[in-house]
Amino acid sequence: MSYTACLFEQFMMLMNQKKLQHLFLIFVLTIICLLVSIILLIHYNGLNYLKKITANETLIITWDSKYNKEIKSELDKLKDKYKIQQIKIFSPQKALSILMKGEQLPKNDSSKMYQILPYTAIISCRENKNNLLAIKDILKKKPGIKRVIIDASKIEIIDSIRSNYIYFLIITLFLLFFASGALTFSYSYILKLSRAKELYILKLVGASNTFIIIPFTLKGFLSGILASAFGLFMTKIIVLYLNKLLNTPPIWIKIDMIPISYCVFITMGIVFISCIGSLLAINPLFKKGV
Amino acid sequence: MARLFKNNSMEAANAIIEVNNLYHYFGKKKILEKLNLAIPKGSFVFLTGSTGSGKSTFLKILHAELAPTAGLVRVENFVIGPKNKPKIHLFRRCVQMIYQDFEILDDYSVKQNIEIPLRCMGISKKNRQKRIEVLLKVLELEEVKDTPSIFLSGGEKQRVAIARAISTSPKILLADEPTGNLDKRMAKRIMKILSHFNKHGTTIIVATHSIELKSLVENPIHLTISDSTIQEIK
């Protein structure tokens, strides 16, 4: 995303050049690298939130109505011990009402049914997997408990994927730097080709290497700065848009902007690599004996 | 009038260009062989020879565009050899070249083309403008000063190339067939311009086929290259 402007300009230039397949390959690889990095970043963010959601997954228990008092007092004890955030208990009447979408059931008919139907409780233990598992173990052993449901295995899988993703992200960051360098290199190389005669004549009439290097490096430097600024601006816009879209009920997912220190680091990296890329592109010019 | 070959030490001391045992090969093809000469300061040299005799190669060696296969060339205070390469940006302030195919930038205007070496030398904009105005007047290019070079005639292009070459007041001016593309009238005009600069102390070496141009210059030196060697024609 941070190089959209440069990519477009370069693509337009490539369209006008022949015999530049190798540069086209670099161009394609760069786009792939950028896409992969974007996809990985999105996945990483997605996994983070998925973990939060699943960690916040409710423990659903059902019990026989006969044991209602015992289970309720047990839940009260557990609430303090395991820092349970929320316990929502649904009586059979309430559960039926939810199932029947608020319709009132006839009292006589329902009374028998209520005796058969179990009580349900939803226990939320935000981002504390171990507590949730401990509660599960305790409640399982209690008489009258019919079902205790928790899907902790999902959390573990996501955790392992997430930890592996960090390595992928580090590699991706380097790929991103490489891609920006390659992009600036090929961009400067095409620029050099398009200005080959001018550069040749400049050398013929006595231009020093510095005289030729400065405009090219400056262009790499400025394109790095502008592209990074453009990329960060776009990211900010997208973050705002996604928050507007996702940070509403019932999803409540808040996406945070990258910290400013990361932004500075990435910008500096891209600018540095851009300058190196433009210098490498122009380097062969100084080896010729003009 | 100074003569050229190195036998005379007085002449060698006055020489602005000194060539010692110069050899040049393109692959196995022999182009120049054992050249020894000294060109005095302020002389006007005509270099003749058949096509492919090595005139342009010799000029390119003097301009440090080509490194000789063997031997040494001293141009002013710069030494050019197979492994010796002068600092080009300093060297070219001293030696400029006019090309047969002009080597000017088509999409640049006349003024911009003349300005290139001055910009390279870091001359201030005010001084650049002053010099350009003088050159435009001397070479009668005032009317086309803002015209892109692609729209110029052959004679005008040649004058732009000359203006660019002399804009930095070089001590040595090399010209490779400067009148090759021009009619006789324009060729005479160009030679008069070069002669004018020669009178002001610039050493000029012109590679040409048209030896009749010699008559337009005072005290010219005529060198010819044949069979890879150089000789003076008196």
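**Q** With reference to specific residues and values, describe the overall build of chain A.
**A** Secondary structure summary: chain A contains 10 helices and four strands in total. Scanning chain A from its N terminus toward the C terminus, one meets helices and strands in the order α-α-β-α-β-α-α-β-α-β-α-α-α-α. A burial count over chain A gives 38% of its 290 residues as buried.

**Q** So what's going on with the pattern of salt bridges? Residues and values would help.
**A** Residue and element names in this part refer to chain B. Considering all chains together, one arrives at seven salt bridges over all chains under this definition. Taking the shortest distance from any N to any O, the salt bridge between arginine 189 and glutamate 140 comes out at 2.2 Å. Within this pair, whereas arginine 189 is found in helix 7 (residues 184-199), its partner glutamate 140 is found in the loop between helix 5 (125-138) and helix 6 (154-166), the two being separated by 49 residues in sequence.

**Q** Describe in detail the pairing of strand 1 (residues 59-63) of chain A, supporting the description with residues and values.
**A** All names here are of chain A. Taken across its five residues, strand 1 has four buried, putting it largely inside the fold. The sheet contact formed by strand 1 and strand 3 (residues 119-124) spans five bridges and is antiparallel. Bridge assignment links isoleucine 60 to a residue of strand 3, and that residue is isoleucine 122. With four bridges connecting them, strand 1 and strand 4 (residues 145-149) associate as antiparallel partners. Opposite threonine 62, over in strand 4, you have arginine 147 as the bridge partner.

**Q** Which residues make up a nonpolar patch on the surface, and what values go with them?
**A** Residue and element names in this part refer to chain A. On the surface, Ile214, Leu218, Phe221, Leu222, Ile225 and Leu226 cluster together into a nonpolar patch covering about 550 Å² of accessible area. Within the secondary structure, leucine 222 is located in helix 9 (residues 209-246). With a relative accessible area of 45%, leucine 222 lands in the partly exposed category.

**Q** Provide a residue-level description of the sheet that holds strand 1 of chain A, including the pertinent values.
**A** Residue and element names in this part refer to chain A. Read from one edge of the open sheet, four strands run 2-3-1-4, paired in antiparallel fashion. Unpaired on one side and paired on the other, strand 2 (86-90) and strand 4 mark the two borders of the sheet. Looking at each pair of strands side by side, their axes are set apart by 15° on average, direction ignored.

**Q** Outline the environment of aspartate 227 of chain B, supporting the account with residue identities and numerical values.
**A** Residues and elements named next belong to chain B. Mapped onto the elements of the fold, aspartate 227 is located in the loop between strand 9 (220-226) and strand 10 (229-233). A relative accessible area of 70% means that aspartate 227 is categorised as exposed. Sequence-wise, aspartate 227 and serine 50 are 177 residues apart; in three dimensions their C-alpha atoms are separated by 9.9 Å.

Quick notes on the rules
Residues numbered from 1 in each chain as written. Chains lettered and ligands numbered in written order. Predicted model: local features only at pLDDT ≥ 70, side-chain atom pairs only at ≥ 80, totals over all residues. Heavy atoms only, no water. Helix = DSSP H or I, 4+ residues; strand = E, 2+ residues; numbered from the N terminus. Buried < 20%, exposed > 50% of the residue type's maximum accessible area, 1.4 Å probe, protein only. Salt bridge = Lys/Arg side-chain N within 4 Å of Asp/Glu carboxyl O. Pairing = 2+ DSSP bridges. Patch = residues over 30% accessible without salt bridge, like charges linked within 9 Å, V, L, I, M, F, W, Y side chains within 5 Å. Areas by Shrake-Rupley, 256 points an atom, 1.4 Å probe, with all protein chains shown as cover. Axes fitted to C-alpha atoms, helices over the stretch in contact; angles between N-to-C directions.

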